[in-house]
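Analysis of the macromolecular model
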Amino acid sequence: MPTEQWYYCLVHHDVEPAEGCKAIERLGPYPTREEAAQALRLAQERNEEWDNDPRFNDGDDPDDDEGGSAFDALKP
């Protein structure tokens, strides 16, 4: 029996099964519907971790916008 996978649709701001919108329009897969529902929060947390990781944030990049994540624009 195949494992269920869930996705978070960035267009409809809702959780959907594998048979949903185009892959480019969603985040996932997630193993549970509940995890998929938290996709934007999880992505934001990961972005903050990466933004603050000293291995990748040397402060010398003049093109670094430091204005937040691309996911900020996707929040409902």
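Right, let's walk through the structure included here.

Rules and cut-offs
- Residues numbered from 1 in each chain as written.
- Predicted model: local features only at pLDDT ≥ 70, side-chain atom pairs only at ≥ 80, totals over all residues.
- Heavy atoms only, no water.
- Salt bridge = Lys/Arg side-chain N within 4 Å of Asp/Glu carboxyl O.
- Helix = DSSP H or I, 4+ residues; strand = E, 2+ residues; numbered from the N terminus.
- Buried < 20%, exposed > 50% of the residue type's maximum accessible area, 1.4 Å probe, protein only.
- Expected span 1.5 Å × (residues − 1).
- Pairing = 2+ DSSP bridges.
- Axes fitted to C-alpha atoms, helices over the stretch in contact; angles between N-to-C directions.
- Contact = heavy atoms within 4.5 Å.

1. What to know about the pattern of salt bridges
According to the stated counting rule, one finds four salt bridges in the structure shown. Linking R41 and E45 is a salt bridge whose minimum nitrogen-to-oxygen distance equals 2.6 Å. Of the two residues, R41 and E45 both sit in helix α2 (residues 39–51), four residues apart, roughly one turn of that helix. Assessed through its relative accessible area of 40%, R41 is described here as partly exposed. Two residues, R55 and D53, come together in a salt bridge whose shortest N-O distance is 2.6 Å. For D53, a relative accessible area of 12% translates into the label buried.

2. A look at α2
The terminal C-alpha atoms of α2 lie 18 Å apart, and with 13 residues this matches the ideal 18 Å at 1.5 Å per residue to within 8%. Regarding α2, the residues found buried are A39, L40, L42, A43, Q44 and N47.

3. So, the sheet that holds strand β1 (residues 6–9)
Strand order in the open sheet made by the three strands is β2-β1-β3, with antiparallel pairing throughout. Across the chains shown, the open sheet's two edge strands, defined by having one partner strand only, are β2 (14–17) and β3 (26–30). Here the average twist between neighbouring strands, direction ignored, is 30°. Looking at chain direction, β1 and β3 are connected through three bridges and run antiparallel. Note that in β3 the partner of W6 across the bridge is Y30. Sheet strands in contact with α2 are β1 and β3, and its direction is about 95° off that of β3.

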